[in-house]
Amino acid sequence: MSTDESQNLVTLSIDGKEINAKGGELLIEAAEKAGVFIPRFCYHNRLPQVGMCRMCLVEVKGPRGFSLQPSCYLPVSEAMEVITQSEKVKKAQDGILEFLLINHPLDCPTCDKGGECPLQDQTLTYGPGESRFAEEKRHWEKPIAISELVFLDRERCIQCDRCTRFADVVAGDALIEFIGRGDHTEVNVFPDRPFSSYFSGNTVQICPVGALTATPYRFKARPWDLSQVESSCMACSMGCRIMVQSSQNGLTRYLGLDSDSVNHGWLCDKGRFGFEAVNSADRES
Amino acid sequence: MSTKIVTARVDIPNSHTLSVYLEHGGYQSLRKALLEMTPEQVQEEVTASGMLGRGGAGFETGRKWSMLKQDLVRYLVVNGDESEPSTFKDHLLVENDPHQLVEGTLITAYAIGASRAFIYLRGEFALGLERVQSAINEAYAYGAIGRNIFGSGFSVDLVLQPGAGAYICGEETALIESLEGKRGFPRIKPPYFPAVIGLYGAPTIVNNVETMSNVPWIVKNGGQAFAAMGKGRSTGTRLFALSGDVMRPGNYELEMTSKTFRELIYDPDFGGGLKEGRSVKAVIPGGVSAPWIGPDNLDLPLGQDEVAQAGSMLGSGSIIVLDDHTCAVRAAWRITRFFNRESCGQCTPCREGSGWIEKIMHRIELGSGTESDLDLVLDACDNIAPGLTWPPQQTTICVLGPSIPSSVVSAIKMFRDEFMVHIKEEGCPFVH
Ligand SMILES: Cc1cc2nc3c(=O)[nH]c(=O)nc-3n(C[C@H](O)[C@H](O)[C@H](O)COP(=O)(O)O)c2cc1C
Ligand code: SF4
Ligand code: SF4
Ligand code: FES
């Protein structure tokens, strides 16, 4: 994409409404700015897009008429015609949600992600009330420790590639990967090589379900019980933006906040988990 | 006797060796192309031949080559991953005429200006890998590969890469990822056609083994001679891999459209008919990705458009015959199981849908299905290939996804009664 093109404004229509967007901008982002939210799981604004979960399918007009296209992968272009609200789109999105849920354990009551889980939220908003899946669900040993800090529950994983993409592309530590094929595709570490990345905690933050959890927060609190305040990390001089969360008068979790000029939402593990020192009984002051 | 192109030499003893290949006119086409023709002239002959790609999608080869972006570095990749159940035609060509494949590959590299070509061969082809590698070694020693080939000034290197056991690596963009050393995940298209962005980001042509094996003949005899065989868009010959319930399964090279399904199946020189007293129940005409056709279509000529008009595809040219002793439910279940095992796991509908459909089909086959399961299966299929049309639409990244419904939907449409017997009698009525 040339820089010229990306600076140009283009006009496209979404559900019959004309909107302007930056040429080259992703359709899912342009739509959101125009007030049209398209559901998504694998899309992450700070990662290269992979179009894998297929939740964001919308109808886009091409040379052979309208077809379903992933809006997280498609850049907008002049005179593009998009439909996000048709029967066809709805059926496709319902279908994806159902496919994601058939093997999902639905153990929300005991899942740390419950209450802040996009899969749970979208299921409650759009999902069917009853399951049509009568078969035995896929089983994995759950959870397994993939490092000293991170636990992986492969039954909850929706194979969105966020953690693996982050580890490879952002952190440069491609220590977790997809293994296997078909509905036995799993995220895992390589034999004898733990996920010992200085940035492993970010994968826990961006996992859209409770498949990745970090030891310091596991079973400590419920998202709706947390108080939170924005702050800066003090572990080093970078000044990454963080959300400091606490429960019952104790620190429970730091989350990275997306600050364009500083940390893009990422934190190193030292910054993210260093708060444990504050709560520690061994503190002298 | 109809003309044989790609299998002309396969029955000669030691047909895989350079000496036998040279005795039978080997590498003359490469000499002709390099010394007497420009790359454009070679391309023109291939375009004039009208040859459709033999890998499955049936795209015109000349047109594909003309779409190649003219960057400084261009690659040629030969697709020999052949892993679809019932497709075994390339298998014969790599084992019994590897030099023909190498020669076609070299001519193509010259025509498209590739400085490096790769042959990606299915990892399980132990003998094929050995023979193609020794053909490459012999061709290097003979001066047909390497620097300044036959003094023409053209140089190219040819590398053999074994696959690692994934059907999906036959899909051209997954194959490219695999060649790059990555997991075989198909790339999202559009916008990235390999001819624009392919191997290592460079423009790349991907062609099938049989497609490449036709090229020496086309250069020798001219594109017109090739186009004179067959009818309409179906030019030249095709190597049909016939299997299933026939007396003489095997590879048969036939001039396109010259024979019908019935002739291929019943002619004593080809399929030799079915077992005594049996009749054709269904035919899967283009590999297990293709929808089934019924016995009412047996008089269709073996041509690209003819089969497409009947609602299926000639695909990879493999033809499976199911006779009336074969259980349609079981056949469709087994095919679904294959796709589930081979789905790359990348996109939700294919990864999860294939497993779900496989489980329901298996349950029906074992006798614990219900009538509402049929609608459920069809609806799950619809969520992979919306509308269940042919050619299909898809909610998935690549066309492995919409291949899953092909057999299931065909079986339910054509043999609903048989499903009902499984459900009512709580078991499979067939002996197997
Ligand atoms: C799931 C899948 C598997 C495929 N497997 C093969 C294969 O084994 N061999 C092959 O030549 N083409 C295969 N293809 C087709 C290739 O993507 C591609 O169209 C072909 O190699 C192009 O060569 P051609 O133009 O000479 O036919 C496959 C496609 C899909 C979607
Ligand atoms: S573990 Fe989480 S982030 Fe990683 S692929 Fe699974 S769902 Fe996505
Ligand atoms: S359709 Fe299936 S094989 Fe193709 S990319 Fe999606 S998951 Fe992989
Ligand atoms: S959000 Fe677009 S495919 Fe996942």
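If you're wondering where the values come from, they're calculated on a predicted model, not measured in any experiment.

## Remarks on the pairing of strand β4 (residues 65–70) of chain A
Residue and element names in this part refer to chain A. With six bridges connecting them, strand β3 (residues 57–62) and β4 associate as antiparallel partners. In the strand pairing of β4, V58 is matched with Q69. What sits between the antiparallel neighbours β3 and β4 is a turn of two residues.

## A look at the site of ligand 2
Looking at ligand 2, there are 13 residues lining it, with A:C157, A:C160, A:D161, A:C163 and A:C207 nearest. Split by residue class, the shell around ligand 2 holds 10 nonpolar, one polar and two charged.

## Points about the site of ligand 3
The full set close to ligand 3 counts 13 residues, and B:C344, B:Q346, B:C347, B:C350 and B:C398 are the nearest of them. Per-class residue counts for the shell around ligand 3 are eight nonpolar, five polar and no charged.

## Some remarks on the nonpolar core
With 96 residues, the main nonpolar core has A:L119, A:I146, B:W292 and B:I357 as its most contacted residues. Among the elements that line this core, the one with the most residues is helix α13 (residues 328–342) of chain B, at eight residues. For B:I357, the residues in contact, after removing those within four places along its chain, are B:T336, B:V377, B:A380, B:C381, B:I384, B:I404 and B:V408. Judged by nonpolar contacts, the second largest core, of 55 residues, contains B:L18, B:L30, B:A111 and B:L160.

## Comments concerning the sheet that holds strand β12 (residues 241–247) of chain A
Residue and element names in this part refer to chain A. Strand order in the open sheet formed by three strands is β11-β12-β13, with antiparallel pairing between adjacent strands. A strand with exactly one partner marks an edge of an open sheet, and here the two such strands are β11 (227–232) and β13 (250–256). Each adjacent strand pair in this sheet contributes to an overall mean axis angle of 30°, direction not counted. With six bridges joining them, β11 and β12 adopt antiparallel strand pairing. Note on β12: the bridge partner recorded for S232 is R241.

## Observations concerning the interface of chain A and chain B
Note on interface size: it is often stated as the accessible area lost on association of the parts. Between chain A and chain B, the contact holds 33 residues from the first and 36 residues from the second. Summing both sides of the interface, chain A and chain B together bury roughly 3000 Å²; the carbon and sulfur share of this comes to 53%. Viewed at the interface, chain B and chain A are joined by seven salt bridges. With its nearest N and O atoms 3.2 Å apart, the salt bridge here joins B:E352 to A:R138. Counting only elements with at least two residues in the side of chain A that touches chain B, the list comes to α3 (87–102) and β8 (176–179) of chain A. Of the residues in the side of chain A that touches chain B, the class split is 15 nonpolar, seven polar and 11 charged.

## What about a nonpolar patch on the surface?
A cluster of nonpolar side chains, namely B:F193, B:V196 and B:I197, defines an oily patch on the protein surface of about 230 Å² accessible area. With respect to the helices and strands, B:I197 occurs in the loop between α8 (172–179) and β4 (204–208).

## Examining the packing of helix α14 (residues 348–366) of chain B against helix α17 (residues 416–424) of chain B
Relative orientation and spacing of two packed helices are given, respectively, by the angle between their axes and the distance between those axes. Residue and element names in this part refer to chain B. Running from N to C, α14 and α17 cross one another at 70°; their axes reach a closest spacing of 7 Å. With respect to their mutual orientation, α14 and α17 come out roughly perpendicular. Between α14 and α17, the contacting residues are M361, I364 and E365 on the first element and F419, H422 and I423 on the second. A breakdown of the residues in the contact of α14 with α17 according to their chemical character gives four nonpolar, one polar and one charged.

## A closer look at the domain arrangement of chain B
Residues and elements named next belong to chain B. Domain parsing of chain B yields domain 1 (18–228), domain 2 (231–323) and domain 3 (328–424). Here the C-alpha centre of domain 3 lies 23 Å away from the C-alpha centre of domain 2. In this complex, domain 2 contributes 14 residues to the contact, which on the side of domain 3 involves 15 residues. In total, about 1100 Å² of surface goes out of reach between domain 2 and domain 3, with carbon and sulfur atoms giving 71% of it. The largest contributions to the domain 2 side of the interface with domain 3 come from K281, V288 and W292, which together make up 58% of the buried area. A salt bridge links K281 to E418; the shortest N-O distance between them is 2.7 Å. The interface formed by domain 2 and domain 3 contains five residue pairs in polar contact (both at pLDDT 80 or more). Counting residues per element, the side of domain 2 that touches domain 3 draws most heavily on strand β9 (residues 280–284), which supplies three residues.

Thresholds, definitions, all that
- Residues numbered from 1 in each chain as written.
- Chains lettered and ligands numbered in written order.
- Predicted model: local features only at pLDDT ≥ 70, side-chain atom pairs only at ≥ 80, totals over all residues.
- Heavy atoms only, no water.
- Pairing = 2+ DSSP bridges.
- Helix = DSSP H or I, 4+ residues; strand = E, 2+ residues; numbered from the N terminus.
- Near = heavy atom within 4 Å.
- Nonpolar A, V, L, I, M, F, W, Y, C, P; charged D, E, K, R; others polar.
- Core = buried A, V, L, I, M, F, W, Y, C linked by side-chain atoms within 4.5 Å.
- Buried < 20%, exposed > 50% of the residue type's maximum accessible area, 1.4 Å probe, protein only.
- Contact = heavy atoms within 4.5 Å.
- Axes fitted to C-alpha atoms, helices over the stretch in contact; angles between N-to-C directions.
- Buried area = accessible area lost by both parts, 1.4 Å probe.
- Salt bridge = Lys/Arg side-chain N within 4 Å of Asp/Glu carboxyl O.
- Patch = residues over 30% accessible without salt bridge, like charges linked within 9 Å, V, L, I, M, F, W, Y side chains within 5 Å.
- Areas by Shrake-Rupley, 256 points an atom, 1.4 Å probe, with all protein chains shown as cover.
- Parallel < 35°, antiparallel > 145°, perpendicular 65-115°, else oblique.
- Domains from an automatic or database assignment.
- Polar contact = N/O pair within 3.5 Å; in protein donor to acceptor, adjacent residues only side chain to side chain.

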